[in-house]
Every structure is written in structure tokens, then in C-alpha cells.
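Reading the structure
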Amino acid sequence: MRALIALAVVLAIMLIPQLSGRFTVALMNDIGISSLVVLGLVLLTGVGGATSFGQAAFVGIAAYATGWLTTVHGASPWIGLVFALMLTGVSSALIGWLTLRLKGHFLPLSTIAWGLSIALLFGNLDGLGRHSGLSNIPAIRLGPWSLLETKAIYYLIWALVGLGYWLGRNLLDSREGRAIRSLRGGAILLASVGADAFRVRLALFVIAAQYAGVAGWLYAHTNRFVSPSPFDVHASINYLLMALAGGLGQLAGALVGSGLVLLLKNALQDWLPA
């Protein structure tokens, strides 16, 4: 039954660009990009038990990294992807090393603090355009094909969502996944099976940031413009809301929650003025 449902979802996603207009496809692109961030949150918060209000900051780090490299230095967006993931990985490892030892409510509060500070940093660096941001970011190319159009990049976004889901599922089914699932039992339970709670949580924190990094790369080259506002704490709260709406313990909930929140948000923007 699950296989049939999964097949139906895949077929529906493949057919949407052929049956829908530009606006619907653009909305589906936004859902796909958000789903990548929320997949990381499901792993980090839903499975690992570490609440983060700063995932949008990692999206921003990746978006600004590839935007800066491709506009200022004329690099390929694919080199921008490597650079974005490297910078996101180093940043998340450093932030995680400094904050993940905190207990109770101090950990979520610390994520709010660095989430705010990183968004403020984007808006105060001349090299990043300050609050005006970076524009004219080049579109992704696959050989001779440009993914400039909304429908052109659609399949890349959803292919990466599918890859992210598959990697997350395989991670949770592995030996490391069993250690991740044990995080909620505390350090003593993990120590009993020979695992260090801090190292497991730090690795999971970096993995979740990498999901956000891929989303940031897609965001930059899909919209071809980045500014600080989409990467503040408010955006991080929206990502957490998506994870909660879809079910924190289920990877498929990342897609459901992202779609539900963004579709309702879009509908309310149309209904409330009326």
C-alpha cells in the first residue's frame, strides 16, 4: 500500500508542470525547497530531540555563499554548490560545538541568538550588498540547458527532495540511525551502546544544516536574488511549524507539512483581503 501511495505521489509531482500554470509550478518549487529544510529538521528535532530556531540562517549562509561566488567571481553555480555546502558545514560544526552541550531551554534560546546574529550580519556587510542583497545571480545550467524558467528547474528541485528523503530514510535505518533514535533516551543510554551523545548530536546538526544548504543553493539560483529578510528567525519558526504540521517523527511529514503551510498561507493571502 505504501509503495502505491509513493508511486502516486511521484507521478503527480512529475505531471504537475504539464497540467498547471506558471504560478502553481512556482509554488511547488517553494514547497520543494522548504521540504529540504524541513527534512533536516525532522532528523534533528523530531528524531534527535534538539530544537533549532536557526535553520533559516543556514539556508541564508548557503544562498549568500553561492550568490557571492557566482556574481562577484563569475563561478559556475555547481562550484557555488560545493562552496555553499562547505561553508554551511564548517559554520554548523562550529556553532554546534559551541552550543549543543547546553541543556533544557538554553539550547533553543542559543539557536535564536545565533539565528538573529547571522541574519543581521548579512544585512551589514558591504560585500553582500547590505540590506539590498545580491541580484542577477546566474541560473543553473545542465550542459547546454539553462534552468532559468520556473518549469525548467522544477524537476531538479524535486529530484533533490527525493534524494534527500532517500538519504534520510537510509540514515535512520542504519547503525548510526539507531544511535540517532537513542538520543531522546539521554547520554547514559547512548553510552551503554558505546556512542557519545554529543558527537552524535553534532553530526546530526551538521547533516540538518547540509539539507538547509542545498535548499539555500536552490533558493538563490531559482529566485536569482537574495536579501537578509528570508533568513531570519521568523523564517526558522515557519520551518518548525511545517515540521510540526506534517508530523515531527516522519520524513514524509516534511513534504506534507511544507505543502500544507505554504498552501494555507497562499490561500489566506487571497481570502483575507476579501
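Because the structure is predicted, anything quoted here is derived from the model rather than measured.

Procedures and definitions
- Residues numbered from 1 in each chain as written.
- Predicted model: local features only at pLDDT ≥ 70, side-chain atom pairs only at ≥ 80, totals over all residues.
- Heavy atoms only, no water.
- Helix = DSSP H or I, 4+ residues; strand = E, 2+ residues; numbered from the N terminus.
- Rg over C-alpha atoms; globule rule 2.2 N^0.38 Å.
- Buried < 20%, exposed > 50% of the residue type's maximum accessible area, 1.4 Å probe, protein only.
- Contact = heavy atoms within 4.5 Å.
- Axes fitted to C-alpha atoms, helices over the stretch in contact; angles between N-to-C directions.
- Left-handed = near helix turned anticlockwise from the far one by under 90°.
- Nonpolar A, V, L, I, M, F, W, Y, C, P; charged D, E, K, R; others polar.
- Core = buried A, V, L, I, M, F, W, Y, C linked by side-chain atoms within 4.5 Å.
- Salt bridge = Lys/Arg side-chain N within 4 Å of Asp/Glu carboxyl O.
- Parallel < 35°, antiparallel > 145°, perpendicular 65-115°, else oblique.
- Phe/Tyr/Trp six-rings, centres within 6.5 Å; stacked < 30°, edge-to-face > 60°.

This next bit is on the overall build of the protein chain. In terms of regular secondary structure, the protein chain is built from 11 helices and four strands. Since a compact globule built from 274 residues should have a radius of gyration of about 19 Å, the 19 Å found for the protein chain is in line with a globular shape. Seen along its three principal axes, the alpha-carbon backbone of the protein chain occupies a region of about 55 × 50 × 45 Å. Across the 274 residues of the protein chain, 48% fall into the buried class. The contacts of the protein chain with a sequence gap of at least 6 include a subset with a gap of at least 24, amounting to 77%.

This next bit is on the environment of A65. By secondary structure assignment, the location of A65 is in helix α3 (residues 55-72). Sequence separation between A65 and L128 is 63 residues; the distance between their C-alpha atoms is 9.3 Å.

Turning next to the packing of helix α10 (residues 233-246) against helix α11 (residues 252-271). Direction vectors running N to C along α10 and α11 enclose 115°, while the axes themselves pass 7 Å from each other. Every pair of crossing elements has a handedness; the one defined by α10 and α11 is right-handed. Of the residues in α11, those touching α10 at L241, M242, A245 and G246 are G253, V256, G257, S258, L260, V261 and L262. Partitioned by chemical class, the residues of the contact of α10 with α11 number seven nonpolar, four polar and no charged.

Bringing the side chain of S91 into the picture now. With respect to the helices and strands, S91 occurs in helix α4 (residues 77-99). Classification of S91 by relative accessible area gives buried; the value is 18%. Beyond its immediate sequence surroundings of up to four residues, S91 is in contact with F58 and I61.

A separate point is the nonpolar core. Here is a general trend for soluble globular proteins: nonpolar side chains tend to be buried in one another's company. Among the nonpolar cores identified, the biggest contains 73 residues, and F58, W158, L218, V226 and Y239 are the most heavily contacted of them. Element by element, the count of residues in this core is highest for helix α9 (residues 197-223), at 15 residues. Not counting chain neighbours up to four residues away, the residues in contact with Y239 comprise S34, V37, V38, L41, A56 and V59.

The next thing to look at is the pattern of salt bridges. On inspection of all chains with the given rule, the structure shows two salt bridges. With a closest N to O distance of 3.2 Å, E149 and R22 form a salt bridge. With a gap of 127 residues between them, E149 in the loop between β3 (145-146) and α6 (150-172) and R22 in helix α2 (residues 22-47) connect regions that are remote in the sequence. Of the residues examined, E149 reaches a relative accessible area of 45% and is grouped as partly exposed.

All right, on to the packing of α6 against α9 then. In contact at an axis separation of 11 Å, α6 and α9 are set at 180° when each is read in the N-to-C sense. Accordingly, the angle class assigned to the pair α6 and α9 is roughly antiparallel. Taking contact as the criterion, the partners of I153, L156, I157, L160, G164, L167, G168 and L171 in α6 are, on α9, I207, Y211, V214, W217, L218, H221 and T222.

Our next topic: the packing of aromatic side chains. On inspection of all chains with the given rule, the structure shows 11 aromatic pairs. When the centroid spacing of 6.4 Å and the interplanar angle of 80° are considered together, the rings of F122 and F231 count as edge-to-face. With F122 in helix α5 (residues 106-122) and F231 in the loop between β4 (225-226) and α10, the pair connects residues that are 109 residues apart, well separated along the chain. Judged by relative accessible area, F122 falls into the buried class, the value being 6%. Among the residues examined, F231 registers a relative accessible area of 2% and is labelled buried. Centre to centre, the rings of Y154 and Y155 are 5.2 Å apart; their planes meet at 90°, and the pair counts as edge-to-face. An aromatic cluster is built from Y64, F122, Y219 and F231, whose rings are joined through pairwise contacts.

Here we take up unusual backbone geometry. Of note in the backbone geometry, R130 takes a positive phi value of approximately 50° without being a glycine. When you line up the elements, R130 lands in the loop between α5 and β1 (134-135). Phi at N136 takes a positive value of approximately 55°, unusual for a residue other than glycine. Examined against the element boundaries, N136 turns out to sit in the loop between β1 and β2 (141-142). For N136, a relative accessible area of 61% translates into the label exposed.

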